[in-house]
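Breakdown of the fold
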Amino acid sequence: MSDTSKVTSPVEGDVTPRRFDVRRVLTLLGPAIGLVAVCILFGALRPDSFLTRANAQNIILHSVVVGIAAIGTTPVIIAAGIDISIGATIAVVTVAVALLVNANVPPLLAAFGGVGVGAACGLFNGACITWLGLNPFIVTLGTFLAFRGVADELSHQQAVAANATWLNNLMAPGQAPLVPWGVWILIALLVLTALMLRYTRFGRHIFAIGSNEQTARLCGIAVNRAKLAIYVLGGAFTGIAGVLMFSNLTEGDPTTSANTPLTAIAAAVIGGASLTGGQGSIVGTVLGAVFIMTIRSGCTQLNFSQGVQEMVTGLIIILAVLLDRLRNLRKA
Amino acid sequence: MTCPPLATPNTREPSACRLRMEAIRKRFDATQALAGVSLSVNAGAVLALVGENGAGKSTLMKVLSGAYTPDEGHMWLEGQPYHPSDPMAARRAGVAMIYQELSLAKHLSVMENILLGIEPRLGPFMDWRRTRQIAADAMAQIGRTDIPLTTPVGRLSIAEQQLVEIARATATGSKVVVLDEPTSSLTAPDIVGLFKLIGRLRDQGQAIIYISHFLEEVREISNRFVVLRDGQSVGGGSTAEATTDHIISLMVGRKVEDLYPRSQHQPGETLLAAQNLAGENKPTRASLELHRGEVLGIAGLVGAGRTELLRAIFGLDAVTSGHVKVGLVSGGSSRPAIRWSQGMGMLSEDRKAEGLAVGLSIADNITLSRLGWLVRPSRTQAIARQWITKLNIRCAGPAQAVVDLSGGNQQKVAIARLLYHGVDVLLLDEPTRGIDVGSKAEIYKLIDELAKKGKAVIVVSSYLPELMGICDRIAVMCRGQLHPARAVSSLTEESIMLEATGAAA
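Residues numbered from 1 in each chain as written. Chains lettered and ligands numbered in written order. Predicted model: local features only at pLDDT ≥ 70, side-chain atom pairs only at ≥ 80, totals over all residues. Heavy atoms only, no water.

1. Focus: the overall build of chain B
- Along the backbone of chain B there are 17 helices and 23 strands.
- What you see for chain B is a C-alpha radius of gyration of 24 Å, in line with the 23 Å of a compact globule of 505 residues.
- Expressed as lengths along the three principal axes of its C-alpha atoms, the size of chain B is roughly 75 × 50 × 45 Å.
- When the 505 residues of chain B are sorted by exposure, 56% land in the buried category.
- Taking the contacts inside chain B whose residues are at least 6 apart along the sequence as the reference set, 67% of them involve residues at least 24 apart.
- Total accessible area computed for chain B in this model is approximately 20700 Å², and 51% of it derives from carbon and sulfur atoms.
- Taking the average place of the 55 positive charges on the side chains of chain B and the average place of its 51 negative ones, the gap between the two points comes to 3 Å. (Helix = DSSP H or I, 4+ residues; strand = E, 2+ residues; numbered from the N terminus. Rg over C-alpha atoms; globule rule 2.2 N^0.38 Å. Buried < 20%, exposed > 50% of the residue type's maximum accessible area, 1.4 Å probe, protein only. Contact = heavy atoms within 4.5 Å. Areas by Shrake-Rupley, 256 points an atom, 1.4 Å probe, with all protein chains shown as cover. Lys, Arg positive; Asp, Glu negative; His and termini not counted. Charge placed at Lys NZ, Arg CZ, Asp CG, Glu CD.)

2. A short note on the overall build of chain A
- For chain A, the count of helices and strands is 12 helices and two strands.
- When the elements of chain A are put in sequence order from the N terminus, they spell out α-α-α-α-α-β-α-α-α-α-β-α-α-α.
- Out of the 332 residues in chain A, the part that is buried amounts to 52%.
- Residue pairs at least 24 apart in sequence account for 78% of intrachain contacts in chain A once pairs closer than 6 positions are excluded.
- Surface exposure of chain A reaches about 14800 Å², of which carbon and sulfur atoms provide 68%.

3. Some points on the confidence of the model for chain B
- Confidence in the prediction for chain B averages 87 pLDDT; 94% of positions are at 70 or higher.
- Note on residues 4-14 of chain B: pLDDT is under 50 here. Beyond four places in sequence and across chains, it has 18 contacts. (pLDDT = per-residue confidence, 0-100.)

4. Some remarks on the sheet that holds strand β3 (residues 45-50) of chain B
All names here are of chain B.
- With mixed pairing, six strands are arranged side by side in an open sheet as β6-β9-β10-β3-β11-β12. Since the sheet does not close on itself, it has two edges, and those belong to β6 (95-98) and β12 (232-238), each with one partner. Looking at each pair of strands side by side, their axes are set apart by 20 degrees on average, direction ignored.
- Judged from the four bridges that link them, β6 and strand β9 (residues 176-180) form a sheet pairing that is parallel. When the sheet's bridge partners are listed, Ile98 is paired in β9 with Leu179.
- Strands in contact with helix α8 (residues 244-252) are β3, β11 (224-229) and β12; relative to β11, the strand with the most contacts, it is inclined by about 30 degrees. (Pairing = 2+ DSSP bridges. Axes fitted to C-alpha atoms, helices over the stretch in contact; angles between N-to-C directions.)

5. What about the environment of Thr94(A)?
All names here are of chain A.
- For Thr94, the location among the structural elements is in helix α3 (residues 86-102).
- With 134 residues separating them along the chain, Thr94 and Leu228 place their C-alpha atoms 24 Å apart.
- Setting aside its immediate chain neighbours within four residues, Thr94 contacts Gly242, Met245, Phe246, Glu251, Gly252, Asp253 and Thr256.
- Side-chain polar atoms of Thr94 contact the backbone oxygen of Ala91, separated by 2.8 Å. (Polar contact = N/O pair within 3.5 Å; in protein donor to acceptor, adjacent residues only side chain to side chain.)

6. Quick word on the packing of helix α2 (residues 53-78) of chain A against helix α9 (residues 223-249) of chain A
Residues and elements named next belong to chain A.
- Between α2 and α9, the shortest axis-to-axis distance is 8 Å and the interhelical angle comes to 180 degrees. Accordingly, the angle class assigned to the pair α2 and α9 is roughly antiparallel. Where α2 abuts α9, its residues Val64, Val65, Ile68, Ala69, Ile71, Gly72, Pro75 and Val76 lie against Ile230, Tyr231, Gly234, Phe237, Ile240, Ala241, Leu244 and Met245.
- Taken together, the residues that form the contact of α2 with α9 break down as 14 nonpolar, two polar and no charged. (Parallel < 35°, antiparallel > 145°, perpendicular 65-115°, else oblique. Nonpolar A, V, L, I, M, F, W, Y, C, P; charged D, E, K, R; others polar.)

7. As for the sheet that holds strand β17 (residues 329-331) of chain B
Residue and element names in this part refer to chain B.
- The strand order across the open sheet formed by four strands is β14-β13-β16-β17, and the pairing between neighbours is antiparallel. Each edge of the open sheet is held by one strand with a lone partner, namely β14 (286-291) and β17. The mean angle between the axes of side-by-side strands here comes to 5 degrees, regardless of whether they run parallel or antiparallel.
- Examined bridge by bridge, strand β13 (residues 270-279) and strand β16 (residues 319-326) share six bridges and lie antiparallel to one another. Bridging from a neighbouring strand, Gly279 pairs with Val319 of β16.

8. So, the domain arrangement of chain B
Residues and elements named next belong to chain B.
- The domain boundaries assigned to chain B delineate domain 1 (17-94 + 174-252) and domain 2 (270-500).
- Its C-alpha centre places domain 1 at a distance of 32 Å from the equivalent point of domain 2.
- With 13 residues of domain 1 in contact, the opposing surface of domain 2 contributes 15 residues.
- Around 1100 Å² of area is buried between domain 1 and domain 2 when both sides are counted, 64% of it from carbon and sulfur atoms.
- Seen at the junction of domain 1 and domain 2, the total is zero salt bridges.
- Between domain 1 and domain 2 we count one residue pair in polar contact (both at pLDDT 80 or more) in total.
- Sorting the residues of the side of domain 1 that touches domain 2 by element identifies α6 (188-203) and α8 as the ones contributing at least two each.
- The dominant element in the side of domain 1 that touches domain 2, judged by the number of residues it contributes, is α8, at three residues.
- For the side of domain 1 that touches domain 2, the per-class residue count stands at seven nonpolar, four polar and two charged. (Domains from an automatic or database assignment. Buried area = accessible area lost by both parts, 1.4 Å probe. Salt bridge = Lys/Arg side-chain N within 4 Å of Asp/Glu carboxyl O.)

9. A word on unusual backbone geometry
- The omega torsion across Lys282(B) and Pro283(B) is -10 degrees, close enough to zero to call that bond cis.
- Mapped onto the elements of the fold, Pro283(B) is located in the loop between β13 and β14.
- Backbone geometry places Asn303(A), a non-glycine residue, at a positive phi of 60 degrees.
- Among the secondary structure elements, Asn303(A) is positioned in the loop between α11 (282-301) and α12 (306-328).
- Taking relative accessible area as the criterion, Asn303(A) reaches 64% and is therefore assigned exposed.

10. Some thoughts on the pairing of strand β19 (residues 425-429) of chain B
Residue and element names in this part refer to chain B.
- Extensive coverage of β19 is indicated by the burial of five of its five residues.
- In the sheet, strand β18 (residues 344-347) pairs with β19 via four bridges, with the strands oriented parallel. Its bridge partner being in β19, Leu347 is matched across the sheet by Leu428.
- Judged from the five bridges that link them, β19 and strand β20 (residues 456-460) form a sheet pairing that is parallel. The partner of Leu426 across the bridge, within β20, is Val457.
- You can see the chain leave β19, run along helix α15 (residues 437-452) and come back into β20, and the turn it takes is right-handed. (Right-handed = clockwise from strand over helix to strand, strands pointing away.)

11. A word on the pattern of salt bridges
All names here are of chain B.
- Enumeration over the complete set of coordinates arrives at 22 salt bridges over all chains.
- With its nearest N and O atoms 2.9 Å apart, the salt bridge here joins Arg144 to Asp146.
- For Arg144, a relative accessible area of 25% gives the class partly exposed.
- The exposed category is assigned to Asp146, whose relative accessible area is 52%.
- Residue Arg306 is joined to Glu430 by a salt bridge in which the shortest nitrogen-to-oxygen separation is 3.9 Å.

Written out as structure tokens, the structure reads:
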């Protein structure tokens, strides 16, 4: 036993500090090692095209939308909630931004409008979950359909082409130093959210609510207000993801991002979040998102068909849940 | 009475000895959980297994029930070598475990639970006639034919659920029944009923292993006892011949001079007053006054509304009428956040479900009620380190998850939260439930010191010797009503029980 331990006699269920640290480090290191491993794998199989600067940029660009959505959904998962309506929210946001741009609203206002629509979607989810006391999975299953319906109604079930503005260039190279604006936005949100979770009272309350809501109540945390804030924040992040999706598509598309919720949740779980709440890491989530996109990119370069790619992604999601389970196995 | 030592492991045992475990050792990584434990129990006898939390009782019982394979050692059941490969094998061999946390399917009926996993069948279908028959026999054997077999188990009281679990053990033809802390969530009359049943099973020739923290119970129910400490059996013998002090000194490895330290408390001004307080269901009417420097005990049966009273005062449950006055502020319903800010803290009776976020670290749990807008992990860890030292919390460090700690150390973390918050009024609901004697003594000492420093403490407990030992005044609660508090010197355990059961006017 290490000398920093205060354990003086064998105690059931005790863990020595060294072992404890290894477990914590592994949680973050896991997705990083996985990422390096798949890069080596695809690099070996397609040395000419995979390990190139262009491909790396391509992967990161594809990770932006799902990565930002995943950053927003990670606090929701840490607080033991879930949001499967984020794909539909992104669709509503792209349509809303397209309509605002076409109504000659200044691009910046249109973008904020999109973020506001996302936050409103989150507010609706959060209100049903906290005020009506409904199960988050069921609520967002409902809005998964309902928000998609809103997008369909707003767009009359077809893509809304938007007038060209600088909003269309957020994901394009050459507009910002080194990488497109979207990537900078991802990095900024990554840093801010990670700091928020670790260094603010609100962040610690999110972990407490997810770990044990009763304890949070006992300790005087306004649980409902905090949960509402978490869903609104998640919705706003989804709104930002939606604005960048719009920029990517340069149109409002009511059918976009059907798989985004599951990919975002899988990214969070691969990155160390627990679906039972109380655990999760923003850095891990973004690594998880990049990991999934790297595998997609590799599969494309190996000329796997769309079907095979979806099978691989699906298996990765199952693998991620298995990881979640293994991490939470404790000595009985 | 005891089984004689054996020359070789294969020798047949005398038939009276139902179960024997010899020199059982089990190691987990760096921790030697069991370092050579031996015990034996005869047919028709009750063996009490006592020891502090972490002494190895649970590990030993997991070895017995087949959940763990021992590294070394031998076991015999009715003279035959017994080495269960898994819990199902142990159950088939006749070893039944009744755990503290009951393992019943709450939505299924009594009879379905009794025959869960061994359902009689007619071809591919359930044989409901035989299911009912076997279940009825099992309930008759434990003397409770009054419980309807078709009732969903979730609708029964905890005590009745426990009976169903015991009926399940007898229905499967158990030879050894292990009861792990069976009384921790029972009321006094239910405990009497349980003890009658244990006597009945004993007389039917079952061998019973009874695990408990309550030495009075051990004294009442067991023929023999074995004490575990640090993974070893350190003593045992006939219960009738051992004094309680002797058993305690074996458990803690030192002499316990006085479990309940008490110094002179100086009651000061009133810090908390409740007037005709009523909640949605309970309490129906409760008035109390709590003074600075005082420990007020609330006695009563489980279900009398003691926990609900604390919850109503603390703002966790709604108040429907009456007032709570904290300091100079008076009002009805409140919120925990307001109570904390008024200098009041509450310790939940249920550490795992409410008291602690067990997945989070010690530091997170201690500081949770008192965080600034910005949180520096290095600072919360430094704070936690102070409390770890002050309260002698045995752990690997402030970043360790609370789930990894023993019950007593978890409780100290929960109490540390109140102390770090610096509250003046402490509402402690069952502060020593399910923790070892050593930690209990430390918590009693702590409560005494807090009162001496001018804090006001309310202790709810179902354990009367403890209330009598640490409180200045005790109020009895009965069916939602709180009776007036009286000085502990004017009370006896008998008078409190009479009042609690509603026998005294």
